[in-house]
Amino acid sequence: MKDVVSDHSDAMARAAVLAEALPYIQEFAGTTVVVKYGGHAMDDPQLADLFAQDVVLLRHVGINPVVVHGGGPHPRVDARRTARLRR
């Protein structure tokens, strides 16, 4: 019985999120949006997976995401390395 209650709660939570998102999905369907990806999300495999799922969801609802690198530690390390090489 606990699994049924849990499944029902999960379904209700998802329905609530979709109901809240529906006006935005309708407004932005057919448009291109820029999504910044960087920071800790790049270093955490679980966050990276969730980010990828969100990008796929955007495509499925008709929104065209363009993912741009938003910084994080990787460019800073490269910039420091480049600065040292120029000295």
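For the structure, see preceding data.
Conventions and cut-offs
- Residues numbered from 1 in each chain as written.
- Predicted model: local features only at pLDDT ≥ 70, side-chain atom pairs only at ≥ 80, totals over all residues.
- Heavy atoms only, no water.
- Helix = DSSP H or I, 4+ residues; strand = E, 2+ residues; numbered from the N terminus.
- Buried < 20%, exposed > 50% of the residue type's maximum accessible area, 1.4 Å probe, protein only.
- Contact = heavy atoms within 4.5 Å.
- Areas by Shrake-Rupley, 256 points an atom, 1.4 Å probe, with all protein chains shown as cover.
- Patch = residues over 30% accessible without salt bridge, like charges linked within 9 Å, V, L, I, M, F, W, Y side chains within 5 Å.
- Salt bridge = Lys/Arg side-chain N within 4 Å of Asp/Glu carboxyl O.
- 1 Å grid on protein atoms, 1.4 Å probe; cavity = no way out; pocket = protein on both sides within 12 Å on 5 of 7 lines; lining within 4 Å.
- Points joined across faces, edges and corners; volume = space filled by probe spheres on them.
- Nonpolar A, V, L, I, M, F, W, Y, C, P; charged D, E, K, R; others polar.
- Expected span 1.5 Å × (residues − 1).
- Polar contact = N/O pair within 3.5 Å; in protein donor to acceptor, adjacent residues only side chain to side chain.

Quick word on the overall build of the chain
So, step 1. Looking only at helices and strands, the chain has four helices and two strands in total.
So, step 2. When the elements of the chain are put in sequence order from the N terminus, they spell out α-β-α-α-β-α.
So, step 3. The buried share among the 87 residues of the chain stands at 10%.
So, step 4. Sequence-distant contacts, at least 24 apart, represent 74% of the contacts inside the chain between residues at least 6 apart.
So, step 5. Put simply, the chain shows about 7100 Å² of open surface, and 60% of that area lies on carbon and sulfur atoms.

Here we look at a nonpolar patch on the surface
So, step 1. Taken together, the side chains of Val34, Val66 and Val68 define a hydrophobic patch exposed on the protein surface, amounting to about 230 Å² of accessible area.
So, step 2. With respect to the helices and strands, valine 66 occurs in strand E2 (residues 64-69).

Let's talk about the layout of surface pockets
So, step 1. Considered as a void within the structure, the largest pocket measures approximately 320 Å³ in volume.
So, step 2. Elements that contribute at least two residues to the lining of the largest pocket include exactly helix H1 (2-28) and helix H3 (45-60).
So, step 3. At seven residues, the largest contribution of residues to the lining of the largest pocket is made by H1.
So, step 4. Of the residues assigned to the lining of the largest pocket, the class counts are eleven nonpolar, no polar and two charged.

Structural notes on H3
For an α-helix, the turn length of 3.6 residues means that residues three or four places apart are oriented alike.
So, step 1. Between its first and last C-alpha, H3 extends 23 Å over 16 residues, near the 22 Å set by a 1.5 Å rise per residue.
So, step 2. Where H3 begins, one side-chain oxygen reaches toward the backbone nitrogen of glutamine 46, 2.9 Å away; that side chain belongs to aspartate 44.
So, step 3. In the segment just after H3, glycine 62 is the residue with positive phi, at about 95 degrees.

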